[in-house]
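# Residue-level structure breakdown
Each chain, written out:
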Amino acid sequence: MSSITGLTSYSDADWGGCPDTRHFTYGYCIFLGDNLLSWSSKRQTTLSRSSTETEYRGVANVVSEFCWIRNLLLELHCPIQKATLVYCDNISAIYLSGNLVQHQRTKHIEMNIHFVAKK
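Conventions used here
- Residues numbered from 1 in each chain as written.
- Predicted model: local features only at pLDDT ≥ 70, side-chain atom pairs only at ≥ 80, totals over all residues.
- Heavy atoms only, no water.
- Helix = DSSP H or I, 4+ residues; strand = E, 2+ residues; numbered from the N terminus.
- Buried < 20%, exposed > 50% of the residue type's maximum accessible area, 1.4 Å probe, protein only.
- Areas by Shrake-Rupley, 256 points an atom, 1.4 Å probe, with all protein chains shown as cover.
- Pairing = 2+ DSSP bridges.
- Axes fitted to C-alpha atoms, helices over the stretch in contact; angles between N-to-C directions.
- Phe/Tyr/Trp six-rings, centres within 6.5 Å; stacked < 30°, edge-to-face > 60°.
- Contact = heavy atoms within 4.5 Å.

This part covers the overall build of the protein. Along the backbone of the protein there are three helices and four strands. Of the regular secondary structure in the protein, the N- to C-terminal order runs β-β-β-α-β-α-α. Burial statistics for the protein: of 119 residues in total, 37% are counted as buried. Accessible surface for the protein amounts to roughly 7,700 Å². Of this, 53% is attributable to carbon and sulfur atoms.

See below:
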């Protein structure tokens, strides 16, 4: 088997995008090297209070998926040595991933913040 170069993931979300319900849709894709390995798109059943929350929930979902993939590759004796890159286009969500100090306006997404920051 050739050398596995690493995992790269992309995440995006559409805050309040459904014109009828205002629920958000998030999606992600995960690449192993140049090959698409996993992807998902899903409309949520709950409302989000901000675009940051919407984007961060999407990031938390992609982090959960790539953790599963990394464990699967480890069991197959093909461990990934490099960190998995997660690309997100929301500056607030990116800032939250590196700042564990919680503020009143982000308490409702605290579990996702700690999960992503830990991984």
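An order of 3-2-1-4 is seen for the four strands of this open sheet, with the pairing classed as mixed. Because the sheet does not close on itself, it has two edges, and the strands there are strand 3 (35–43) and strand 4 (85–88). Taken over all neighbouring pairs, the strand axes of this sheet differ in orientation by 15° on average, direction set aside. The sheet contact formed by strand 1 (residues 7–14) and strand 4 spans four bridges and is parallel. Across the sheet, the residue bridging to Thr-8 is Leu-85, located in strand 4.

Take the environment of Gly-33 next. Residue placement: Gly-33 occurs in the loop between strand 2 (25–32) and strand 3. Overall, Gly-33 belongs to the partly exposed group, its relative accessible area being 25%. Sequence-wise, Gly-33 and Leu-7 are 26 residues apart; in three dimensions their C-alpha atoms are separated by 6.3 Å.

Further remarks concern the packing of aromatic side chains. We describe a pair of aromatic rings using the distance from one ring centre to the other and the angle between the two ring planes. Counting across every chain of the model gives three aromatic pairs. On the basis of an interplanar angle of 85° and a centroid distance of 6.0 Å, the ring pair of Tyr-10 and Phe-31 is categorised as edge-to-face. With Tyr-10 in strand 1 and Phe-31 in strand 2, this pair connects stretches of sequence that are 21 residues apart. Each ring, one from Tyr-10 and one from Tyr-87, has its centre 5.1 Å from the other, and the planes form 20°; the classification is stacked. Separated by 77 residues along the polypeptide, Tyr-10 in strand 1 and Tyr-87 in strand 4 bring together distant segments of the chain. Connected via pairs of aromatic rings, a cluster forms that spans Tyr-10, Phe-31 and Tyr-87.

This paragraph deals with the side chain of Thr-8. For Thr-8, the position within the fold is in strand 1. Those residues in contact with Thr-8 that sit more than four places away from it in its chain are Cys-29, Ile-30, Phe-31, Thr-84, Leu-85 and Tyr-87.

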